[in-house]
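What follows is the residue order along each chain.
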Amino acid sequence: MGEIRILPDEVKNLLRAGEVVERPAGAVKELVENSLDAGARRIRVEIKQGGKRLILVADDGIGMGPDDALLSIERHSTSKISLAEDLQRIRTLGFRGEALPSIASVSRFTLITAPRGAGQGVSIEMDGGRPVCKPAAHEGTAVCVKDLFYNTPARRKFLKSDQTECAHVVNVVTKEALAHPEAGFSLVVDGAESVSLAPAADLRERIVQLYGAEFMEGLARVDYQRNGAALKGFVSKSGNFRAGRSHQYLFVNGRPVRDPSLAYAVKSALAAPDKSHPIFFLFLDIDPARADVNVHPQKEEVRFREKDAVYRLVLQAVGAATRAPEEARLAGGADASPAGPVFLSETAPYPPSGGFEAGTLAINEALPLEYEGAKAISFLKIADMFYAYPTDRGLMLVDQHAAHERIMYEKFMDRVSLKPSPLLFPRQLRFAPHIHAALIAQRELLEDLAIRIEDFGQGAILLRAVPEPASNGDLEGLLSEAAAAIIEERGTREEIKKNMAAKLACHSSVRGSEELGQEELRRLIKDLEACRDPEHCPHGRPTRVFISPDGLRRMFRRK
């Protein structure tokens, strides 16, 4: 008998489910997008234990009759495509016919649905892989998913804490709410309402619902069309940048996607400094034949047929939206004549490939590890953040921000001089639902880093104390970064704390543009020498580069 065999259907479903649904948030995304495709205007999501125990998604969409309902839980059954050519022009959010059967194969699954206006529908419960049907009075569709991955323990054990999984679910609901402001959304977490959004007139109203009117004042409108594509939405006004990427949303034909190169195009158009990131809510509408949405199991990525042109379109659109009208016209913006150039530049800058720039000094030999503080060393400033000073054995170059980051990081980790600094007037800060949920869920961990907050409801928190070194920093950005560290939870509590400490250290450190006096620099170097790892910042970048006399001779070709 041969060794090659066809897998049974139940095994195929389990394998496929692992691709389509990685975690509870993946199931929520698929179910909510089915609701939106069904024309729902009200969608209610309920989860328990981060979605591990329960996911319930109910909508007021068109619903299904008994025959369609039974077909919907079969693999590759869909109403959204019928021919191979349809894959070239996909407009719906779901189209593969994999979501329901995949979710049903790894959970205790119930589907209740009825055609709109029928009043009488059907309830289908999966029992041992077989559907059990019963009549049910219902409007729209409700899907109940209990004990996700109960029959695939290897996958279940890789899920994160309830708080982290909950934050991912809130993030999914936030993205879908932004993509579809015309629909109302509610999210109930462990019996308490976490998100409640009435249908909005447009994207602007939806952003105000989520972030508040003050947040909206820092954004500029983008409304740009070129060559059969359109880019609309909102982007940071000049200087309104954040330390993290938690306020960056990109949608292609209504689908939330990730695309680092287009995010870099926005950053380049705004000339955002290093370690600063713009806010954006951008919707790209493009001919579906020019964008392949079928390249990722969770449909989170898009492959463009003309990626260079799309990159330049984003670069030009954002630039036109944030420059003065005359500047925009001269650059070929929205007011340019049709005969003008289609894009800003045929040689637009592309994202860096990573690593250090070619030609960066790679000489770091025989670092002198002892700082001789008795010597009256003078420091020479180079560019905006580097200092050079001589030693007995050569020349040392120091990155002041990276060096201070290392010092502050070790203080945060060791709780050295880490005391809460109470704010004279507690600050009320408002965040997107997923950021708010992450912060409230991990208040104890934040207190361990001298951050004290209280839940103020409806996405707002009261900030009562921060670490002394960070008291003059960007407090809202600091908490957004802390939430990002929580949501990206990997490994143990100590590893999460390290991630958060690194972000806090960045917020608490001197900026590259800050001018330090000679005595401050001497203290910086002395404190750096006392660190356990004085050579690297918490993110792995070098804090200093040493050039020996032999290295200098080689650079000048004298050796």
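For the structure given in this document, a descriptive report is provided here.

Rules used in this analysis
- Residues numbered from 1 in each chain as written.
- Predicted model: local features only at pLDDT ≥ 70, side-chain atom pairs only at ≥ 80, totals over all residues.
- Heavy atoms only, no water.
- Helix = DSSP H or I, 4+ residues; strand = E, 2+ residues; numbered from the N terminus.
- Polar contact = N/O pair within 3.5 Å; in protein donor to acceptor, adjacent residues only side chain to side chain.
- Contact = heavy atoms within 4.5 Å.
- Phe/Tyr/Trp six-rings, centres within 6.5 Å; stacked < 30°, edge-to-face > 60°.
- Buried < 20%, exposed > 50% of the residue type's maximum accessible area, 1.4 Å probe, protein only.
- Lys NZ or Arg CZ within 6 Å of the ring centre and 35° of its normal.
- Axes fitted to C-alpha atoms, helices over the stretch in contact; angles between N-to-C directions.
- Parallel < 35°, antiparallel > 145°, perpendicular 65-115°, else oblique.
- Left-handed = near helix turned anticlockwise from the far one by under 90°.
- Nonpolar A, V, L, I, M, F, W, Y, C, P; charged D, E, K, R; others polar.
- Pairing = 2+ DSSP bridges.
- Lys, Arg positive; Asp, Glu negative; His and termini not counted.
- Salt bridge = Lys/Arg side-chain N within 4 Å of Asp/Glu carboxyl O.

### What about the side chain of Arg-290?
Relative to the elements of secondary structure, Arg-290 occurs in the loop between strand E15 (280-285) and strand E16 (291-292). A polar contact of 2.9 Å, which involves the side chain of Arg-290, links it to the side chain of Glu-306. Beyond its immediate stretch of four places on either side in the chain, Arg-290 contacts Asn-227, Gly-228, Arg-303, Phe-304, Arg-305 and Glu-306.

### Some details on the packing of aromatic side chains
Evaluated as defined, the whole model comprises six aromatic pairs. Measuring from ring centre to ring centre gives 4.4 Å for Tyr-211 and Phe-215, while their planes differ by 15°; the resulting arrangement is stacked. Comparing Tyr-211 with Phe-215 shows no difference in burial state: the two are buried. Grouping aromatic residues by their ring pairs yields a cluster made of Tyr-211, Phe-215, Tyr-249 and Phe-281. Directly above the ring of Tyr-150 sits Arg-108, whose terminal nitrogen or CZ lies 3.9 Å from the centroid.

### Focus: the packing of helix H12 (residues 400-414) against helix H17 (residues 518-529)
Where H12 meets H17, the axes come as close as 9 Å, and the angle between the chain directions of the two elements is 50°. One finds that H12 runs oblique with respect to H17. Considering only the axes of H12 and H17, their crossing is left-handed. Contact residues: H12 offers Gln-400, Ala-403, His-404, Arg-406 and Ile-407, while H17 offers Leu-524, Asp-527 and Leu-528. Tallied by class, the residues present in the contact of H12 with H17 amount to four nonpolar, two polar and two charged.

### Here we look at the sheet that holds strand E20 (residues 394-399)
Spatially, E18-E19-E20-E24 is the arrangement adopted by the four strands of the open sheet, whose pairing is antiparallel. The sheet is open, and its two edges are formed by strand E18 (380-382) and strand E24 (544-547), each paired on a single side. On average, each strand axis in the sheet is tilted by 25° relative to the strand beside it, whichever way the strands run. Bridge count for strand E19 (residues 386-391) against E20 is six bridges, and the pairing is antiparallel. The residue of E20 that forms the bridge with Tyr-387 is Val-398. Helix-sheet contacts for H12 involve E19 and E20, and the interaxial angle to E20 is about 75°.

### Re the packing of helix H9 (residues 260-270) against helix H10 (residues 307-322)
H10 packs onto H9 with a crossing angle of 35° between their chain directions and a minimal axis gap of 8 Å. Relative to H10, H9 is oriented so that their crossing is right-handed. In contact with Ser-261, Leu-262, Tyr-264, Ala-265, Val-266, Ser-268, Ala-269 and Leu-270 of H9, H10 contributes Lys-307, Val-310, Tyr-311, Val-314, Leu-315, Val-318, Gly-319 and Thr-322. Of the residues belonging to the contact of H9 with H10, the class tally is eleven nonpolar, four polar and one charged.

### Considerations on the side chain of Asp-399
Here Asp-399 lies in strand E20. Buried within the structure, Asp-399 lacks any salt-bridge partner; its nearest side chain of opposite charge belongs to Arg-541, at an N-O separation of 5.9 Å. Polar contacts involving the side chain of Asp-399 include one to the main-chain amide nitrogen of Ala-402, which spans 3.1 Å. Residues contacting Asp-399, with those up to four places away along its chain left out, are Met-385, Phe-386, Pro-542 and Thr-543.

### Examining the sheet that holds strand E9 (residues 219-226)
Taken in spatial order, the five strands line up as E9-E10-E15-E12-E13 in an open sheet, and their pairing is mixed. Each having just a single partner strand, E9 and strand E13 (255-257) make up the two edges of the open sheet. Neighbour-to-neighbour, the strand axes of the sheet open up by a mean angle of 20°, direction not taken into account. The pairing of strand E12 (residues 248-252) with E15 spans five bridges and is parallel. What sits directly across from Leu-250, in E15, is Leu-282. Docked against the sheet, helix H6 (residues 162-179) engages E12, E13 and E15, running at close to 55° with respect to E12.

### Focus: the pattern of salt bridges
Summed over the entire model, instances satisfying the criterion amount to 15 salt bridges. Salt-bridge contacts for Asp-162 lead to Lys-52; the nearest nitrogen and oxygen are separated by 2.9 Å. Within this pair, whereas Asp-162 is found in helix H6, its partner Lys-52 is found in the loop between strand E1 (42-48) and strand E2 (54-59), the two being separated by 110 residues in sequence. According to the relative accessible area criterion, Lys-52 is buried, its value standing at 14%. Between Glu-306 and Arg-290 there is a salt bridge, with its nearest N and O atoms 2.9 Å apart.

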